[in-house]
Every structure is written in structure tokens, then in C-alpha cells.
Amino acid sequence: MSEKKMTVAKAMVECLKAEGVKHVFGYPGAAICPFYDELISSDIEHILVRHEVNGGHAASGYARVTGKAGVCIATSGPGALNLITAIATAYMDSIPIVAITGQVNSDQIGRDVFQEADITGSAEPFVKHSYIVKDPASICDTIKKAFYIAETGRPGPVLIDVPMDVQLMETEFMYPDKVEIRSYKPTTEGNKLQIKRVADAIAKSSRPVICAGGGVFLSDAREELAALAHKCDIPVVNTMMGISNMDMTDRLYFGMIGMHGVKPANYAVSHCDLLILLGARMGDRAVVALRNLSGISVIHIDIDPAEIGKNVNVNTPVVGDIKKILVQLTETVPELKHTEWTDELDEVRSRKTAVPDAKPGTVCPKLFVQELNRQIPKDSIIVADVGQNQIWTANNICLTEGRFMTAGGMGTMGYSLPAAIGAKKALPERTVIAMCGDGSLQMQFMELATAVQHGINVKLIVFVNTTLGMVRELQDKLYEKREIAVDLTGSPAFDVIAEAYGIKAENVTDISQAEGAIKNMLSSEKPYLLQVFVDKEERTII
Amino acid sequence: MKHTISVLVENHAGVLARVAGLFARRAYNIDSLAVGVTADENVSRITIVADGDDYTLEQILKQLNKLIDVIKVRSFSESELLTRELVLIKVNCTPAQRAELISIAKITEAKISDISVNTITLELSDYSNKIKTFEELLRPYGIKEIVRTGTVAIQRGSASLTI
């Protein structure tokens, strides 16, 4: 590529174009204005969020469904600091995002000038890497590296902080074709001997189970996972981050494990003789299911060697790209049948717990999600927020080709709507539904304006019980029902709020209304809000 | 258990903060830390003495390796290494005590680096335990000030850690 003289700000826009970026999510301010000024003349669409954190979450939603890094932009100081929660959320869930922040003029750094914050320092614990650009000649190389680092290996957020004066300096634009970072060479090929060991362990096992996590999405290995499971007749369970990486109607699929998981899944991991952890970090909420691993052989397949052995003791580690390893593994293993084992799990799955009738004026969330399952298109994207709504959705949603996503690692309230906006922007042909509670909605409903302004047709389902239900459950269980600061009295009528934004809303106060309301929501060409009233005594752990 | 870890890093601004921050946020204990440029001026070497069990050591090595600016990480067993610390100790010293202190310096192979009417400053480069003994020997005279570096370490024999 030939070199062209231009400002750093213009070069930044050209770099994004060269990376194939079509949409960026951001919020301007003085220190990032030179960059915004150059954005005007590009064909990159800027989506103006209403709070910087939501620009980060939108980029994260965008990245989750495309596998490409999502881009978010903020100004210096408070703008950049507001991004941190979204950066940390992406870091915990290994989501590639590139965050670009403006910084005060380089000769003023360190003098506590207006809107100055050490953003690279503040975000350091939550980024895969960060840059502060002081040399205008380094901008193209820096942006190229940022995307490369964000998207390869174990993905994660990368921050680029650019002082305002540097944005205005002249540089030569030359976007590099290749990246060479001597200190960063992620392993993608699995060790052949280790893969052979895994194959032997599978062949020997009579009660194997695969616990598949978010890494399966990151590696785009959905089909490869199903191929191995089917060839060797291995039951599959998920961590929360892994939900929907297997067709949830597959006879070999048994649900989510962990503290908030379902019985068949927890039964499977506690009665297996071989546990294959696949791109699963095994966070503390998931490990609950694995209290007793004595007598169980554990295989851990992950691209990040630091995750192996961190939370669970492992007999056979395999480091590398899950997709590649699954292909090799499936070629190596023989066809197997574990009828006795799968029958046993089928029996556990078939034990139905009776759903009690909901109190008048309220809806059982389980039945509501089941009605949603009947109507949503097969490839829908469901974004769960954090709290009871997340568990009700996680444990009852049934997706065959669609995608479930949530801020599983960080548990960030207010994630669902901005992430849904990002996902919908990336895949406009898909149905995208954010599911949240009345607590989390109040942390994000400013983003309804973003959806309206940019014509982003996301759907929002809010479970209303006028309480911070998850915290209340905790207080009831562990603090002898001493409830404090969980009552959300004073919250607005969300249908009225939606209408104030020009968004159509419907209330569901009885399960009999669910079918019609969901139908109306799905057939609308515009954003739509369903307010579903739930009894505050509804629990997540039954 | 104490572990000596050598870390080769890109010689950039902010790298030390990243390494130190990693130890702080993951609650790994650092006993000492020393940093300096290597034969290649683009590469710095950080020598860390850390305390922890085998699980902690494994995590430290893996997490350090994840930092983009870290080029190479290795931990060493004690027998593999030649280790040194540098200490400067300013001791009270009356003219009458000079002869005694000079003899201590001789025995311990310390250097007399500065002297005043009522103090003497001794300099010693040695391994950690020797420095401890040296300090004990000087304590009775009244130590005014101690300045000590972290441990630096190099492999014994012909083996070397390069990128």
C-alpha cells in the first residue's frame, strides 16, 4: 500500500476502514473531536449511545455475534472512565473489543487538567493490552496490533488512548498487512500426543460428559462440538457462557451446570467418570457443581494455558484452538455408544417439577419463556441481563440455531439492551431480544433512545417485580430474611416510559396474554417493550 | 516457598507497572524486584523473588506470560542461580571504632565507600544471607541508614536466558 500524508485522526479512521469496521459505538467529547471530525467523511456508521458504558456493551454484543472486534469510542476523563465497566465485562467474558479514547494534549498529561484521567492505568487490570499513542508515526501499527491482539488467542479488550494534539499531527498512512509481535504468539495447534491421550480417555470412559463454555463460540466450533458429541455419544452440558453452543433440543444436551444450573446437568457432572472441559473457565459459580471430583478424570481444552488448572485440577490439559482440536479429536476417536449413561440422564431430565399457578395479576417467568420459545425464529439472539431474569432465561430458553448471550463473568447489570443493540446492528436480519428485570432496566433505559434514533429494531422484555429479586433471594436465604435496599418502589411504569420514547409497549399480567403480546412484539418492525409482571416470591433456585 | 523468576520484557514505558500490577491484583507476594536493561537495549530484565506454593508459582508464570510485553519468563531453583544484592549501610563510627569497622569490612569483603567524622558507609554485594549477617555485625555500632537493592540473578555455568 502506498503511503499518504494525513492527520493521525484521519489515519485512525482509515485504519478502521482497512480493518473492515462498518459501525462504531460512541460518545464524543473535546479530546476525541479531531477523530470525530474525520468520521464525518467516512462511510463508517457512528451509533450515538446515551452513556459511554453502553457503547462498550454494544461493541461487546456486536463482537459476540460476529467474532470480529467491536469498536467503541469515548472522550478523555469521565468518558473514558465510564467505559471501564464495559471493558472489564468484555475481559471477563473474553470478548474482542477495541476501545478508542481521546486523551488531553500530551504536554499536559500528568498536570490534572480538565477531563484528564489516566485511562490506560485505570483500565490496566481489565485489558488484554493497551496503548497510549505518543508518536504519530506509530498510529497505523498500533491499531493493526490492537485488532490482532483483541481477536486472536484468547480474545479480549484492547484500549488505544490518543492525546488530542497527537490526533492533529501529520503522519504517513500505511496500514500494515501483517503483525509481528515477538512476545505474543498464541498456541492454536493442539499437541498431538495430548489429543491422543484425550481420545484414549474417551474410548475408555463409560460415563463421559462434555462441559462446553463460551470458548466454543469464540472458536466458532459449534458444529465441531456437535460432531464429536454425536460420534462418541457424549452428553453435553454448558456453563452459562456456553448456553446455545449446542442445539438445545439435541437428545445429548442436558442444560446448564452450577449454582443456578439445572438438575440433569449437575447430575451429569457429578456422576460422570470423564469430564471434558471445553473452552470453559470454570468460574466459581460453575465449579459449585464440581465439588467432588475424586475418581473423575478431567480433561481441559482451552486456548489460554493460564486457565488450565486454575480453578479445577486437571489430568490432561490440551492448549489450543478448540475448533482445530475438536476436528483432530473427532478424526481420532472411534464411534461409541453410551446408552446406559444417556438413559440414566434422560431419566433425571424427565423428572418434571410442577409449576405452581402464578398469583393473580402475575406471570410465571418459566411459562413465559416457554411461550417465547414457541414463537421466536430459530436463529434468534437472546440477551439476558443480570439477576433473576438471567437465570429464568438461561434455564428455560430453548434455542436450536440461535444465540444466547449474557455478561456471565462480570455479572454487569444494564448489559442486555446495549448489547442487543450491538448484536442487532451487526446482524439486522436476526430477531434480537433483550431480557432484563426492572432493576437492570433502570440502569440502561436511556438506550431506548439509541434504538429509536438509529432505527435499531430490538425487542425488550422486562420482568417486573418491583424488587432486586436476586439480592432479595440472597438476603432471604443467608441473612434470615432481613431485607434491605431491595425494594424498588418508586419505579416508573415502563410502558409509559417506552411510549415517551415512541416505543410501543404491552403489559402481560396473565400467562394467557403472553401468546398475543409476543406475537405483536415479534411482528413489529420497530423496537417493542413487553412489561411482564412477576410475583416477587418467584425464585431462581427451586 | 521462595522462587526467583526472571522476566524478559520489552523496554517500554509502563511495563514495570503492568508486571507489578499483576502481582498486586492477583495477590501474589513479591519479596524483591529488580529491573535493568539487558545486552539488547530494547529488552529489560526483571528479577522477582516471590513467595508462594507450587500452584501460585505456576499461576504467576502463566499470568506473566499473558502480558503482551513479556517476552520470556522462567523460574529457577536456588542451585541453578548466582544471586546478588547490593547494600549500602551507614554506621555510627567514632574515630576510635574505625579500626574495628575496617576489619569487619575486610572479613566480609565489603567496601568502604564513604567516611565522615562520626560515620562510615560500607558497601557490600553478595547473596541475601551474607548481607543479613553483615547487617547483624554492624548493628551494635548503630546503623543510621540501610539502602538495599532487590536480588538480581544469573544462571550458573554456560546456560543463559536470552530471547
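This one's a predicted model, so the numbers in the text were calculated from it and none came from an experiment.

Caption draft 1: Structural context of the overall build of chain B. A tally of helices and strands in chain B yields four helices and nine strands. For chain B, the succession of helices and strands along the chain, N to C, is β-α-β-β-α-β-β-α-β-β-α-β-β. For chain B, the spread of C-alpha atoms along the principal axes amounts to about 60 × 30 × 30 Å. For chain B, buried positions account for 41% of its 163 residues. Accessible surface for chain B amounts to roughly 8800 Å². Of this, 53% is attributable to carbon and sulfur atoms.

Caption draft 2: Layout of the overall build of chain A. If you tally the helices and strands in chain A, you get 22 helices and 20 strands. In summary, chain A has a C-alpha radius of gyration of 24 Å against a globular reference of 24 Å for 542 residues, a match within 12%. Along the three orthogonal principal directions, the C-alpha set of chain A runs to about 70 × 60 × 45 Å. Here chain A holds 542 residues, and 59% of them are scored as buried. Sequence-distant contacts in chain A: of pairs separated by 6 or more residues, those separated by 24 or more amount to 75%. Total accessible area computed for chain A in this model is approximately 21500 Å², and 53% of it derives from carbon and sulfur atoms. Separation between the mean location of the 54 positive side-chain charges and that of the 66 negative ones in chain A comes to 4 Å.

Caption draft 3: Quick peek at the pattern of salt bridges. Tallying each qualifying case throughout the model produces 43 salt bridges over all chains. Note that R154(A) is salt-bridged to E307(A), the shortest N-O span being 2.8 Å. One end of the pair, R154(A), is in the loop between α6 (139-151) and β7 (157-163); the other, E307(A), is in the loop between β13 (297-302) and β14 (316-319), with 153 residues separating them in the sequence. Using a relative accessible area of 3% as the deciding quantity, one classes E307(A) as buried. Where E480(A) meets R482(A), a salt bridge forms, and the shortest distance between an N and an O atom there is 2.8 Å. Overlapping salt bridges bring together R154(A), D304(A), E307(A), K310(A) and K66(B) as one network.

Caption draft 4: Quick peek at the sheet that holds β7(A). Residue and element names in this part refer to chain A. Pairing within the open sheet is parallel, and its six strands lie in the order β3-β2-β4-β5-β7-β6. Unpaired on one side and paired on the other, β3 (45-48) and β6 (129-132) mark the two borders of the sheet. For this sheet the average axis-to-axis angle between neighbouring strands, irrespective of direction, equals 20°. Inspection of the sheet shows strand β4 (residues 70-74) paired to strand β5 (residues 97-103) by five bridges, in the parallel sense. Bridge assignment links G70 to a residue of β5, and that residue is I97.

Caption draft 5: Examining the nonpolar core more closely. All names here are of chain A. Grouped together as the largest cluster of nonpolar side chains are 60 residues, with contacts concentrated most on I202, F368 and I461. Ranked by residue count, the leading element in this core is helix α8 (residues 192-204), at five residues. For this core, the domains that each give at least three residues are domain 2 (192-350) and domain 3 (365-533). Here I202 is in contact with C232, I234, L274, I276, L329, V333 and L336, once residues within four sequence places are set aside. Listed in part, the 51 residues of the second largest apolar core include Y62, A74, L83 and L529.

Caption draft 6: Main features of the sheet that holds strand β20 (residues 528-533) of chain A. Residues and elements named next belong to chain A. Pairing is parallel across the open sheet formed by six strands, whose spatial order is β16-β15-β17-β18-β20-β19. Each of the sheet's edge strands pairs with one partner strand only, and the pair in question is β16 (403-406) and β19 (504-508). Adjacent strand axes in the sheet meet at a mean angle of 20° when their direction is disregarded. Summarising the sheet, strand β15 (residues 381-384) and β16 pair through four bridges and their orientation is parallel. In the strand pairing of β16, I381 is matched with R403. Along the sheet, helix α22 (residues 514-523) makes contact with β17 (432-437), β18 (459-464), β19 and β20, crossing β20 at roughly 160°.

Caption draft 7: Fine view of the interface of chain B and chain A. In this complex, chain B contributes 19 residues to the contact, which on the side of chain A involves 18 residues. Regarding the contact of chain B and chain A, the summed buried area is about 1500 Å², with carbon and sulfur atoms giving 44% of it. Looking only at chain B, the three residues that lose the most surface to chain A are R18(B), K66(B) and I68(B), adding up to 44% of its buried area. Counting across the chain B and chain A interface gives three salt bridges. As a salt-bridge pair, E124(A) and R18(B) come within 3.0 Å of each other at their nearest N and O atoms.

Procedures and definitions
- Residues numbered from 1 in each chain as written.
- Chains lettered and ligands numbered in written order.
- Predicted model: local features only at pLDDT ≥ 70, side-chain atom pairs only at ≥ 80, totals over all residues.
- Heavy atoms only, no water.
- Helix = DSSP H or I, 4+ residues; strand = E, 2+ residues; numbered from the N terminus.
- Buried < 20%, exposed > 50% of the residue type's maximum accessible area, 1.4 Å probe, protein only.
- Areas by Shrake-Rupley, 256 points an atom, 1.4 Å probe, with all protein chains shown as cover.
- Rg over C-alpha atoms; globule rule 2.2 N^0.38 Å.
- Contact = heavy atoms within 4.5 Å.
- Lys, Arg positive; Asp, Glu negative; His and termini not counted.
- Charge placed at Lys NZ, Arg CZ, Asp CG, Glu CD.
- Salt bridge = Lys/Arg side-chain N within 4 Å of Asp/Glu carboxyl O.
- Pairing = 2+ DSSP bridges.
- Axes fitted to C-alpha atoms, helices over the stretch in contact; angles between N-to-C directions.
- Core = buried A, V, L, I, M, F, W, Y, C linked by side-chain atoms within 4.5 Å.
- Domains from an automatic or database assignment.
- Buried area = accessible area lost by both parts, 1.4 Å probe.

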